[in-house]
Amino acid sequence: MIRVTIFFFYLMFSTGISFASGQVSPKEKAALVDLYNNTNGSEWNSSWDVTAPVTTWKGVEVEKGHVVGLTLFMNNLEGTLPESIGDLKHLSELNLAFNQITGVLPKDIVKLKKLKVFRLEMNRIKGAIPTGVGNFEQLEVFSMFNNFLTGPIPESFGELKNLKELNLSSNNLKGIIPTSIGNLTNLEALGLFENKLEGQIPREIGNLIQLRELVLSNNELGGEIPSEFEQLASLKILQLQNNRFNSFNVLHGMDSKQFLVLDTDDRTLNPKFKDIQIDRTRMADTKFEDENENE
């Protein structure tokens, strides 16, 4: 009995040491190794020594024995994301932007319910956005511009009440802008540039009183600009050019002084670009610049 008790305390103590030193569960480590193998890890710009402790792997953040951050921005990942990525259930930040990732999003990726930042922009990912995207209850950033996404924008985006940035620009998305977008009252930037979206802009966008950046250019949107645009007092960047709108009357009634960038197909509105924004014709460009500044 004494030996069993001693062994129990030894086991508890050794486990504590393991977590204190930043080790992770075999399941989470296996998910990382799957990512490494699936995306040609030996050829990454900054590769991993998979025989070394996980805490030494570049871009992996570990807290209390769990992987909470995975940042492999511009690291030459080439291949597909493994289904096991859904096993990183404590992940709060996933940044795999500016790589060569192909294939579709794994169906289990929606199991990452603690995610706050989801960045997969500038890859070659195809297929539809999972309808289960609404599972990302804590999400603040969802960015997948410049991929090959198809299908509609899921209504379930409207469930992400903490979302501040949604960027789906430069894909092949079709259909309408879902009215549920109007539920995202914390949204500050919405980029849907260069897709195949049609129909009218939903009036519910007028609910987005925190919105500072709205980029809808290069789509097939039509009808009138909703009168609810007048409620967007925080809006600084508005780009609507190259669509099929038949009226811009609402914009004539807005205070042009609020805009840093204003670009539409109505030439009487006099396109406006503040000097610092002159090259900011789409969100993709500026996100690239922002990430490089943070490197």
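Definitions and limits used
Residues numbered from 1 in each chain as written. Predicted model: local features only at pLDDT ≥ 70, side-chain atom pairs only at ≥ 80, totals over all residues. Heavy atoms only, no water. Helix = DSSP H or I, 4+ residues; strand = E, 2+ residues; numbered from the N terminus. Buried < 20%, exposed > 50% of the residue type's maximum accessible area, 1.4 Å probe, protein only. Contact = heavy atoms within 4.5 Å. Areas by Shrake-Rupley, 256 points an atom, 1.4 Å probe, with all protein chains shown as cover. Pairing = 2+ DSSP bridges. Polar contact = N/O pair within 3.5 Å; in protein donor to acceptor, adjacent residues only side chain to side chain. Axes fitted to C-alpha atoms, helices over the stretch in contact; angles between N-to-C directions. Core = buried A, V, L, I, M, F, W, Y, C linked by side-chain atoms within 4.5 Å. Phe/Tyr/Trp six-rings, centres within 6.5 Å; stacked < 30°, edge-to-face > 60°. Salt bridge = Lys/Arg side-chain N within 4 Å of Asp/Glu carboxyl O.

## Some remarks on the overall build of the protein
Secondary structure summary: the protein contains four helices and 19 strands in total. Looking at the protein as a whole, 50% of its 295 residues qualify as buried. Expressed as a percentage of contacts within the protein between residues at least 6 apart in sequence, the contacts between residues at least 24 apart total 51%. Put simply, the protein shows about 14,200 Å² of open surface, and 50% of that area lies on carbon and sulfur atoms.

## Topic: the pairing of strand E15 (residues 220-224)
Alignment of strand E13 (residues 196-199) against E15, held across two bridges, turns out to be parallel. Note on E15: the bridge partner recorded for Glu-198 is Glu-220.

## Considering the side chain of Glu-228
You can see Glu-228 is positioned in the loop between E15 and strand E16 (237-239). Of the polar contacts made by the side chain of Glu-228, one reaches the side chain of Arg-203; its length is 3.1 Å. Apart from residues no more than four positions distant in its own chain, Glu-228 is found in contact with Arg-203 and Gly-206.

## Let's talk about the sheet that holds strand E8 (residues 141-143)
Taken together, the eleven strands give an open sheet; going across it, the order is E1-E2-E4-E6-E8-E10-E12-E14-E16-E18-E19, and neighbouring strands pair in mixed fashion. Bordering the open sheet on either side are strand E1 (60-63) and strand E19 (272-273), each of which pairs with just one other strand. Of the pairings in the sheet, the one linking strand E18 (residues 261-263) to E19 comprises two bridges and is antiparallel in character. For Leu-262, the partnering residue across the bridge sits in E19 and is Lys-272. In the packing of helix H2 (residues 26-38) onto the sheet, the strands contacted are E1 and strand E2 (66-71), and the crossing angle to E2 comes to about 20°.

## Quick word on the sheet that holds strand E11 (residues 172-175)
Here we have six strands laid out as an open sheet, ordered E7-E9-E11-E13-E15-E17, and parallel in their pairing. Of all strands in the sheet, those with a lone pairing partner are strand E7 (126-127) and strand E17 (244-247), marking the two edges. Sheet topology note: the E15/E17 ladder contains three bridges and is parallel. Bridging across to E17, Gly-223 finds its partner in Phe-245.

## Considering the nonpolar core
By size, the foremost hydrophobic cluster in this structure holds 72 residues, and its most contacted members are Leu-70, Phe-118, Phe-142, Phe-157, Leu-168 and Phe-229. Going through the elements one at a time, H2, E2 and helix H3 (249-252) are the ones with two or more residues in this core. Aside from chain neighbours lying at most four places away, what touches Phe-157 is Ile-129, Val-133, Phe-142, Leu-166, Leu-168, Ile-181 and Leu-184.

## A few points about the environment of Glu-93
Secondary-structure assignment places Glu-93 in strand E4 (residues 93-95). In this structure, the C-alpha to C-alpha distance between Glu-93 and Val-141, residues 48 residues apart in sequence, is 9.4 Å.

## Quick word on the packing of aromatic side chains
Where two aromatic rings form a pair, the distance of their centres and the angle of their planes describe that pair. A complete count under the given rule lists nine aromatic pairs for this structure. When the ring of Trp-48 is compared with that of Trp-57, the centres are 4.8 Å apart and the planes differ by 20°; the resulting orientation is stacked. Centre to centre, the rings of Phe-73 and Phe-98 are 5.2 Å apart; their planes meet at 65°, and the pair counts as edge-to-face. Taken together, the positions of Phe-73 in the loop between E2 and strand E3 (78-80) and Phe-98 in the loop between E4 and strand E5 (100-102) put the pair 25 residues apart, joining distant regions of the chain. Look at Phe-98 and you get buried, because its relative accessible area is 11%. The rings of Tyr-36, Trp-44, Trp-48 and Trp-57 are connected pair by pair, giving a single aromatic cluster.

## Here we look at unusual backbone geometry
Even without being a glycine, Asn-146 presents a positive backbone phi close to 55°. Tracing the chain through its elements places Asn-146 in the loop between E8 and strand E9 (148-151).

## Overview of the pattern of salt bridges
Applying the stated criterion to the full structure yields five salt bridges. With its nearest N and O atoms 3.1 Å apart, the salt bridge here joins Arg-119 to Glu-121. Here Glu-165 and Arg-119 are joined by a salt bridge, their closest N and O atoms 3.4 Å apart. Here Glu-165 is found in strand E10 (residues 165-167), whereas its partner Arg-119 is found in strand E6 (residues 117-119), with 46 residues between them in sequence. Across the pair, Arg-119 and Glu-165 agree in class, each one buried. Ionic contacts of the salt-bridge type, sharing partners, join the residues Arg-119, Glu-121 and Glu-165 into one network.

## Regarding the environment of Thr-71
Structurally, Thr-71 can be placed in strand E2. By relative accessible area, which is 33% here, Thr-71 ends up partly exposed. Each residue touching Thr-71, except ones within four places of it in the same chain, is listed here: Gly-59, Glu-93 and Asn-95.

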